[in-house]
Every structure is written in C-alpha cells, then in structure tokens.
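Summary of the model geometry
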Amino acid sequence: MEQWELIARESIRDLVARYNANGDSGRFDQVMDLFAPDAIMRTPTQPDKYGIDEIRTIFTGAQDTLSDIGGGTPKYIRHHTATHQIDLLSPTEARGRCYYHVIMEHGLDHWGRYIDCYGVVDGRWLFTERSVTMDGYIPDGWGAHNASKGQDY
C-alpha cells in the first residue's frame, strides 16, 4: 500500500465520522462543509437532492420531525457506523459503503446502509454522492414515524 492510499483511507474515515457527529449535534453548516458543491444525496423517501442547498433540507426536515414524535427535541441521537469498506479508484476518487444504526433515548431506533462516492475538492476528501437506505426500524420510533409519513431521518 502506498502512502497516498493510507492518507485517503484515513481522510475518508474522518469524513464519515464528522458527518455523523456534526449531524447528531445539529451542526448542519459543518455537515454541509463535508459535501462537494455539486454533490448528490439520495434517501429512501424523497427525490434526489442536488447541491448543498437542497441537501441541507434533508437535515432541517429531519430536525423538524424529531419534535413530532416526542413533543420536543430528544436528549440525544447517535448515528454509529460499522464495516466501512473503502475502494480507492484513484488518488482523487473513491467509493465506500458502511452500515449504520441510530441510538436514541429508547435504544435502537433504525438501521441501514450508506453507499458513498468520495472525491478530492480543493485538497479535501468530500462526499460527491451519498445514498442512504433504511433496512429496518422499531415500531413507534423516529425511523418508523418518518417511514410512515414518507419523510427521511
């Protein structure tokens, strides 16, 4: 393995970690900084979102649905990722996939997969495409609420 490959893999792992940590904390400006300007995001229940402004609506919409299920903002929401497979295509392009699960006050809420494309923009690894799937959810949880309303999480 060459040094650029190690740097790329660690940069991509950090990218995915920052996505979850910033999103869970409501720091949506920092989340948007992780996407290329012309990025695409796909979710199970909405049309594809193109560019930063459209992608932001996924997060602000999710924030709005949190108050629908519990009468207010939950104490915490934690996205966890595992089995992160990274395939380097070149020094500036990669693909990845990983599993995620979401923990809230009531425990496990929903789970699925992220399927990603990454690219180097201005010297930084960023998401160029992110597809989110939801493989399952608990009854009466946030994931179930959103799935029933055709919304994303």
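Here, every reference points to the structure presented above.
What this report covers is the structure whose coordinates are included nearby. (Residues numbered from 1 in each chain as written. Predicted model: local features only at pLDDT ≥ 70, side-chain atom pairs only at ≥ 80, totals over all residues. Heavy atoms only, no water.)

1. Here's the deal with the sheet that holds strand E4 (residues 93-104)
Across the sheet, which stays open at both edges, the six strands sit in the order E2-E1-E6-E5-E4-E3 with mixed pairing between neighbours. Only two strands of the sheet have a single neighbouring strand rather than two, namely strand E2 (49-50) and strand E3 (77-90). Of the pairings in the sheet, the one linking E3 to E4 comprises 11 bridges and is antiparallel in character. Each bridged residue has a counterpart across the sheet, and for Ser-90 the counterpart in E4 is Glu-93. Here helix H1 (residues 3-24) sits on the sheet and contacts strand E1 (35-42), E3, E4, strand E5 (107-121) and strand E6 (124-137); the angle it forms with E3, its principal contact strand, is near 155°. (Pairing = 2+ DSSP bridges. Helix = DSSP H or I, 4+ residues; strand = E, 2+ residues; numbered from the N terminus. Contact = heavy atoms within 4.5 Å. Axes fitted to C-alpha atoms, helices over the stretch in contact; angles between N-to-C directions.)

2. Remarks on the packing of aromatic side chains
Under the definition given, this model contains eight aromatic pairs. Plain terms: the ring middles of Tyr-19 and Phe-35 are 6.2 Å apart, the flat faces sit at 65° to each other, and that makes the pair edge-to-face. Taken as a pair, Tyr-19 in helix H1 and Phe-35 in strand E1 lie far apart in primary sequence, 16 residues in all. When the ring of Phe-35 is compared with that of Phe-127, the centres are 5.1 Å apart and the planes differ by 35°; the resulting orientation is tilted. Taken as a pair, Phe-35 in strand E1 and Phe-127 in strand E6 lie far apart in primary sequence, 92 residues in all. Neither residue differs from the other here; Phe-35 and Phe-127 are each classed as buried. Three or more aromatic residues link up through ring pairs in this structure, and these residues are Tyr-19, Phe-28, Phe-35, Phe-59, Tyr-100, Tyr-114, Tyr-118 and Phe-127. The residue whose ring lies beneath Arg-130 is Tyr-114, and the NZ or CZ to ring-centre distance is 3.7 Å. (Phe/Tyr/Trp six-rings, centres within 6.5 Å; stacked < 30°, edge-to-face > 60°. Buried < 20%, exposed > 50% of the residue type's maximum accessible area, 1.4 Å probe, protein only. Lys NZ or Arg CZ within 6 Å of the ring centre and 35° of its normal.)

3. Structural notes on the side chain of Lys-49
The residue Lys-49 is located in strand E2 in this model. Look at Lys-49: it is buried, it has no salt bridge, and the nearest opposite charge is Glu-54 at 5.7 Å. Within polar-contact distance, the side chain of Lys-49 engages the side chain of Gln-46 at 3.2 Å. Lys-49 has contacts with Ala-39, Ile-40, Met-41, Glu-54, Ile-55, Thr-57 and Ile-58, leaving out every residue within four places of it along the chain. (Lys, Arg positive; Asp, Glu negative; His and termini not counted. Salt bridge = Lys/Arg side-chain N within 4 Å of Asp/Glu carboxyl O. Polar contact = N/O pair within 3.5 Å; in protein donor to acceptor, adjacent residues only side chain to side chain.)

4. Some thoughts on the environment of Ile-86
Structurally, Ile-86 can be placed in strand E3. Residues Ile-86 and Cys-98, 12 residues apart in the sequence, show an inter-C-alpha distance of 8.8 Å.

5. Side note on the nonpolar core
Residues Tyr-19, Phe-35, Met-41, Phe-59, Tyr-118 and Phe-127 are the most contacted members of the largest nonpolar core, which totals 31 residues. Counting only elements with at least two residues in this core, the list comes to H1, helix H2 (28-32), E1, helix H3 (51-70), E3, E4, E5 and E6. Ignoring sequence-local partners within four residues, the contact set of Phe-127 consists of Leu-15, Val-16, Tyr-19, Leu-34, Phe-35, Ala-36, Ala-39, Asp-116, Cys-117 and Tyr-118. (Core = buried A, V, L, I, M, F, W, Y, C linked by side-chain atoms within 4.5 Å.)

Structural measurements only, silent on function.
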